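Per-entry structural report
Okay, here's what each chain looks like letter by letter:
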Amino acid sequence: MSVNTIEANRNRNLFGDHDEVWLFGYGSLIYLVDFPYLEAKPATIRGWSRRFWQGSHDHRGTPENPGRVVTLIEEPGAICGGLAFRVEVAVFEQLDEREKNGYLRVATEMTFDDGSTATGVTYLATADNEAYLGEASELEIAQHICRSTGPSGDNSDYLLDLAKALRELGQQDDHVFEIETHICKILDDPAPSAV
Ligand code: SIN
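Residues numbered from 1 in each chain as written. Predicted model: local features only at pLDDT ≥ 70, side-chain atom pairs only at ≥ 80, totals over all residues. Heavy atoms only, no water.

All of the buried residues in helix H4 (residues 138-146) are Ile141, Ala142, His144 and Ile145. Take H4 and look down its axis: the buried residues cluster within an arc of 165°, on one side only. Those residues of H4 hidden inside the fold are in contact with strand S2 (39-56), strand S3 (67-88), helix H5 (155-168) and helix H6 (174-187). (Buried < 20%, exposed > 50% of the residue type's maximum accessible area, 1.4 Å probe, protein only. Helix = DSSP H or I, 4+ residues; strand = E, 2+ residues; numbered from the N terminus. Arc of directions from axis to C-beta. Contact = heavy atoms within 4.5 Å.)

Quick look at the structure:
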């Protein structure tokens, strides 16, 4: 699959005749909210884990030296916490541009803190996209992140901002927090306290 997903996303009709859709954010969409939304609230999705297995050519790295950003990996029984945004369908024009480096919109069921559920959309980078990097140990991922930078800034800021936002949401994510610990050691930053 081509690394630029704008066209593929435009051709997906996930919204039917809805004017508004719930968008589940689990990575930078949680802490870098540069799009208009009508409402935001914490949510979880079941059966998926957040992993720093996607390459970033356009935000936190370059095509020659891609950074590492998150995608969702199917894992039975896993729960991934994030932030859901109720957005107007027109907002996907802007979001598709931002998420064009391998991410496809897919339909997902999400659960809110009060137990209610909604079907919405999330951006997912599958293993067959050209920017996909795949599995590595948390230490290797931390080392990779610390040497990567791109037009949106240092790759380490992507991880540290995500870890901070997850902590603020009260979400435990062992993968993210372990990489954060390694990065703090590499950068000689004080380690943040656990959830
Ligand atoms: C997301 O945040 O939901 C998708 C991945 C990203 O943009 O970092």
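For the rest of this paragraph, the subject is the pairing of strand S5 (residues 117-124). In terms of burial, S5 is a largely internal element, six of the eight residues being buried. In this structure, strand S1 (residues 20-25) lies alongside S5, joined through two bridges in parallel fashion. The residue bridging Leu23 from the neighbouring strand is Val121, located in S5. The pairing of strand S4 (residues 104-112) with S5 spans eight bridges and is antiparallel. In the sheet register, Arg105 faces S5, and the bridge partner there is Tyr123. Connecting the antiparallel pair S4 and S5 is a turn made up of four residues, with Gly115 showing a positive phi of about 95°. (Pairing = 2+ DSSP bridges.)

A few words on the sheet that holds S3. One closed barrel accounts for five strands, arranged S1-S3-S2-S4-S5; its pairing is mixed. Direction aside, neighbouring strands of the sheet carry axes that sit 45° apart on average. In the packing of H5 onto the sheet, contacts are made with S2 and S3, and the angle to S3 comes to roughly 80°. (Axes fitted to C-alpha atoms, helices over the stretch in contact; angles between N-to-C directions.)

Volume-wise, the largest pocket comes out at about 280 Å³. If you go around the largest pocket, you meet 20 residues; those closest to its centre are Ser28, His59, Arg98, Glu99 and Tyr158. Elements supplying a minimum of two residues to the lining of the largest pocket: helix H2 (28-31), S2 and S3. Looking at the lining of the largest pocket residue by residue, the class counts come to eight nonpolar, seven polar and five charged. Empty space within the second largest pocket amounts to approximately 160 Å³. (1 Å grid on protein atoms, 1.4 Å probe; cavity = no way out; pocket = protein on both sides within 12 Å on 5 of 7 lines; lining within 4 Å. Points joined across faces, edges and corners; volume = space filled by probe spheres on them. Nonpolar A, V, L, I, M, F, W, Y, C, P; charged D, E, K, R; others polar.)

Neighbouring the ligand are the residues Gly25, Tyr26, Gly27, Ser28, Leu29, Glu99, Tyr103 and Tyr158. A total of 250 Å² of accessible area belongs to the ligand in isolation, and the protein chains cover 97% of it. (Near = heavy atom within 4 Å. Areas by Shrake-Rupley, 256 points an atom, 1.4 Å probe, with all protein chains shown as cover.)

Okay, unusual backbone geometry next. We note that Asp188 has phi near 60°; this positive angle belongs to a residue other than glycine. Along the chain, Asp188 falls in the segment after H6. Since its relative accessible area comes to 69%, Asp188 is described here as exposed.

Secondary-structure assignment places Asp96 in helix H3 (residues 92-98). Here Tyr123 takes part through its side chain, which lies 2.5 Å from a polar atom of the side chain of Asp96. Excluding its chain neighbours within four sequence positions, the residues that come into contact with Asp96 are Ile6, Asn9, Arg10, Arg105 and Tyr123. (Polar contact = N/O pair within 3.5 Å; in protein donor to acceptor, adjacent residues only side chain to side chain.)

Tallied over the full model, the rule gives 14 salt bridges. Arg10 serves as the salt-bridge partner of Glu93, at 3.8 Å between the closest nitrogen and oxygen. Residue Glu93 is located in helix H3, and its partner Arg10 is located in helix H1 (residues 6-10); the two are separated by 83 residues in the primary sequence. What makes Arg10 partly exposed here is its relative accessible area of 49%. The closest approach of N and O atoms between Arg98 and Asp34, which form a salt bridge, is 2.7 Å. One end of the pair, Arg98, is in helix H3; the other, Asp34, is in the loop between H2 and S2, with 64 residues separating them in the sequence. A cluster of three or more residues bridged by salt bridges with shared partners is formed by Glu20, Glu39, Lys41 and Arg86. (Salt bridge = Lys/Arg side-chain N within 4 Å of Asp/Glu carboxyl O.)

On to the packing of H4 against H6, then. Running from N to C, H4 and H6 cross one another at 55°; their axes reach a closest spacing of 8 Å. Here H4 lies oblique to H6, going by the angle between them. Judged by the twist between their axes, the crossing of H4 over H6 is right-handed. When H4 is examined against H6, the residues Glu138, Leu139, Ile141, Ala142, Gln143, Ile145 and Cys146 are found in contact with a partner set consisting of His175, Glu178, Ile179, His182, Ile183, Ile186 and Leu187. Residues that form the contact of H4 with H6 fall into these classes: nine nonpolar, three polar and two charged. (Parallel < 35°, antiparallel > 145°, perpendicular 65-115°, else oblique. Left-handed = near helix turned anticlockwise from the far one by under 90°.)

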